[in-house]
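This is what each chain is made of:
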Amino acid sequence: QVQLQESGGGLVQSGGSLRLSCAASGNMFSVKSMGWFRQAPGKERETVAEITTGGETNYLDSVKGRFTISRDNVNNTVYLQMNSLKPEDTAVYYCNADARLSSGYGLNYWGKGILVTVSS
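The rules behind these values
Residues numbered from 1 in each chain as written. Predicted model: local features only at pLDDT ≥ 70, side-chain atom pairs only at ≥ 80, totals over all residues. Heavy atoms only, no water. Helix = DSSP H or I, 4+ residues; strand = E, 2+ residues; numbered from the N terminus. Rg over C-alpha atoms; globule rule 2.2 N^0.38 Å. Buried < 20%, exposed > 50% of the residue type's maximum accessible area, 1.4 Å probe, protein only. Contact = heavy atoms within 4.5 Å. Lys, Arg positive; Asp, Glu negative; His and termini not counted. Charge placed at Lys NZ, Arg CZ, Asp CG, Glu CD. Pairing = 2+ DSSP bridges.

Chemist: Even after reading the chapter, I still don't get the overall build of the chain, so can you show me in this structure?
Modeler: When its secondary structure is counted, the chain shows zero helices and eleven strands. Listing the helices and strands of the chain from first to last along the sequence gives β-β-β-β-β-β-β-β-β-β-β. In terms of C-alpha radius of gyration, the chain reaches 14 Å, essentially the compact-globule figure of 14 Å for 120 residues. Its C-alpha atoms put the chain at 45 × 30 × 25 Å along the principal axes. In the chain, which comprises 120 residues, the share counted as buried stands at 38%. Counting only contacts in the chain whose residues sit at least 6 apart along the sequence, the fraction spanning at least 24 positions is 55%. Counting 11 positive and 10 negative side-chain charges, the chain places the centres of these two groups 2 Å from one another.

Chemist: What's the story with the pairing of strand 5 (residues 46-52) in this structure? I'm lost.
Modeler: If a strand is regular, its side chains alternate between the two faces of the sheet. Pairing of strand 4 (residues 31-39) with strand 5 involves six bridges; the strand directions are antiparallel. Each residue of the ladder has a partner; that of Ser-33, found in strand 5, is Thr-52. Strand direction decides the pairing type here: strand 5 and strand 6 (residues 57-59), joined by three bridges, are antiparallel. Opposite Glu-50, over in strand 6, you have Asn-58 as the bridge partner. The loop that links strand 5 with its antiparallel partner strand 6 comprises four residues; one of these, Gly-55, has a positive phi angle of about 95°.

Now the structure itself:
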């Protein structure tokens, strides 16, 4: 029901900045939150940042103060501004949408992922 398309990844030097964008389309009526996840080589996927329809945000401790998530509700687009990037931020970043039904059942949608590489 929901399609997600990420953009904005690439190669950047340590200390640099990137802005990731996630454009959502489809049936968004049940989507309660959106966010960004990442998966580094040899590691499990982890939550980077999330934002609810009410504007509440959550951040991974290691990115707090450096990354900022925002949402454009008119255009159904979520952004992740990444500043002061470190080599350990290197990963494939995935956009996520969390749909919640009236029964409480949750359904997640995922983008295909974009690569962020931070060189030292």
